Amino acid sequence: MDSLSLSGVCRHHFSLDFHHSNHGNDGVFLGNKVGFTRKQERGGLAIAGVASPLRPPVIVPSLEEEQTVGRRDRNHHTAWTSVRQERWEGELAVQGEIPLWLKGTYLRNGPGLWHIEDYNFRHLFDGYATLVKLHFEDGRLIAGHRQIESEAYKAARKNKRICFREFSEVPKYENFMAYVGDIAKLFSGASLTDNANTGVVKLGDGRVVCLTETQKGSLVIDPGSLDTLGRFEYSDSLGGLIHSAHPIVTDAEFLTLLPDLVNPGYLVVRMEPGSNERKVIGRVNCRAGPAPGWVHSFPVTEHYVVVPEMPLRYCAQNLLRAEPTPLYKFEWHPESKAFLHVMCKASGKIVASVEVPLFVTFHFINAYEEEDEDGRVTAIIADCCEHNADTTILDRLRLQNLRSFKGKDDVLPDARVGRFTIPLDGSPYGKLEAALEPNEHGRGMDMCSINPANLGKKYRYAYACGAKRPCHFPNTLTKLDLEKKVAKNWHDEGAVPSEPFFVARPGATEEDDGVVISLISEKNGSGYALLLDGSTFEEIARAKLPYGLPYGLHGCWVPKE
Ligand SMILES: CC(=O)/C=C/C=C(C)/C=C/C1=C(C)CCCC1(C)C
Ligand SMILES: CC(/C=C/C=O)=C\C=C\C=O
Ligand SMILES: [Fe+2]
């Protein structure tokens, strides 16, 4: 029996006793309209609080949910243990001060459930999506989480087995004919997952969409209730099955890349707010290799889209396999070299296509145009979390590896802020070097954010996860000053922080005037939401969650109008 208590700790007179017992209950919303003024006992759950406009519904697990979600993979670090129940929502007691200007909802998506029945998934990226929200208003914080109701997740729960192709998992076939049938469905996309477990974006028209690398895994959600509202259907006829998991989204547009696995290349496409129709800006043909490079993300400047062609390329054969290969659906092709292409957003023309040193990255941080004294653009600078051209990070993200850390082995591969310089004078080569000494951030580097006002522009600060070694996974939050080439690091022993997300203070004029939000998973089953000051990088507030949440990937901010 798990038990925990937040009674009496909340300065807003809301308290919640949570006794996880064997007594089932019906898992319904409790008290979203009427506040509780005295303790109420219900099926092993006790709730006490007062009515308030901010008072959220409190959602408790049913016995059935506990069994379905199960705890097959328990006893590991909280970060790598499946979320303990379908959903929860409640107000958190805050230590410190949440700035009163912070009004809105931080949403974070990620793979939070890594088993079905007795079967444990292999890879971090296989998990069914868990959406987390932190709603800030009047110095108060309401948190919640909920599983995203993708077809893949619903089918797995119903049939008690994986039914769609995930990042590394493939449904088990009863016989050869079933396998052949599934391969046929692969070409139409029918057997691919729609498990939207990578990120979440707010479109210019206000719709909030969870995303992954398959196009069908674009699901619209309600940022308040975390309900899954349905699939985001692209109404164009561009086809294709996959896209970049990280579109560039602003109030004015949605830009993304569609890799073409048949004629190796990428379509650069743009969608207007209010529309579901993507329009082609232009096409980049690959310079080499049997297939396009993996494009998990890409950067833009004010006038250009940078299309990376990484030597870690999609592999059609690996897509068809029932068992994963060491690089999953990808293959490392150093002989095919690495390239960056620069496309003009307005015309779709390619203004540069340069060979660069081999690189491995999931995440570009930002890019901008470098000008000479006369204001002529001479080069593009593009920064990314670069894994020293080493693909072993993909293997390090296998759950078995994440769960086997004993505290001493220093096995996190080195990474750095890789800074590309792409000349625009027709030279055939671009440069790649570390933007700052990697020891500044413990040679760990991933999961980055910037002040969104600086997207595509010259910028100074980035926030990311770094390393305090020995470690096997990034375990610090780091503020990178790319001008002074120094980093300031935050660390909590044994804790795994997720992507630090920067929210600017309305009216700010300094780039780092704002807060940084992260969710921390602790090793003992607990966890908390953390707020750091964007400028000093010191803690300003934290709020303990009723139980720790698994690691999550990417977030977005939905401001309260
Ligand atoms: C969570 C994350 O960052 C990445 C998830 C990637 C996924 C789900 C990739 C899925 C794929 C398939 C199911 C087949 C086609 C290739 C590929 C896009 C890798
Ligand atoms: C969590 C991660 C890499 C960490 C290594 O340093 C990569 C996540 C990629 C997908 O979003
Ligand atoms: Fe990502």
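According to UniProt, the comment filed for the protein chain under the heading Cofactor (unreviewed entry) is "Fe(2+)". As stated in UniProt under Sequence similarities (unreviewed entry), the record for the protein chain gives "Belongs to the carotenoid oxygenase family."

This paragraph deals with the overall build of the protein chain. Scanning the protein chain from terminus to terminus reveals 6 helices and 39 strands. Looking at the protein chain alone, contacts between residues at least 24 apart form 62% of all its contacts between residues at least 6 apart. Accessible surface, the protein chain: about 22200 Å² in total, of which carbon and sulfur atoms supply 51%.

Another aspect to go through is the sheet that holds strand S18 (residues 254-260). Read across the sheet, 4 strands follow the order S17-S18-S19-S20 without closing on themselves; strand pairing throughout is antiparallel. What marks the edges here is a single partner per strand, and that holds for strand S17 (248-249) and strand S20 (278-285). Relative to strand S19 (residues 265-271), S18 is paired through 7 bridges, and the arrangement is antiparallel. Considered in S19, the bridge of Leu 255 is made with Arg 270.

Take the site of ligand 1 next. Contacts to ligand 1 come from 15 residues, most closely from Asn 197, Thr 198, Glu 213, His 296 and Leu 319. Relative to its unbound accessible area of 490 Å², ligand 1 is 98% covered by the protein chains.

This brings us to the confidence of the model for the protein chain. Do not read the fine detail of predicted coordinates wherever pLDDT is low. Of the residues in the protein chain, 87% reach a pLDDT of 70 or more, and the chain-wide mean stands at 89. Counting interchain partners and residues more than four positions distant, the pLDDT-below-50 stretch residues 1-53 has 116 contacts. Scored by ipTM, the complex comes to 0.96, with pTM at 0.90.

Distances from the iron ion (ligand 3) to its protein donors, His 246 (NE2), His 296 (NE2), His 363 (NE2) and His 554 (NE2), fall at 2.0 to 2.1 Å. Between consecutive donor residues of the iron ion (ligand 3), the sequence gaps follow H-x49-H-x66-H-x190-H. Highlighted residues: His 296 in the loop between S20 and strand S21 (304-309) and His 554 in strand S39 (residues 554-559), separated in sequence by 258 residues. Given the relative accessible area of 7%, His 296 is considered buried.

About the criteria used
Residues numbered from 1 in each chain as written. Chains lettered and ligands numbered in written order. Predicted model: local features only at pLDDT ≥ 70, side-chain atom pairs only at ≥ 80, totals over all residues. Heavy atoms only, no water. UniProt positions renumbered as here; feature names shortened; annotations may be inferred. Helix = DSSP H or I, 4+ residues; strand = E, 2+ residues; numbered from the N terminus. Contact = heavy atoms within 4.5 Å. Areas by Shrake-Rupley, 256 points an atom, 1.4 Å probe, with all protein chains shown as cover. Pairing = 2+ DSSP bridges. Near = heavy atom within 4 Å. pLDDT = per-residue confidence, 0-100. Donors = N, O, S within 2.8 Å, 3.2 Å for Na, K, Ca; no water. Buried < 20%, exposed > 50% of the residue type's maximum accessible area, 1.4 Å probe, protein only.

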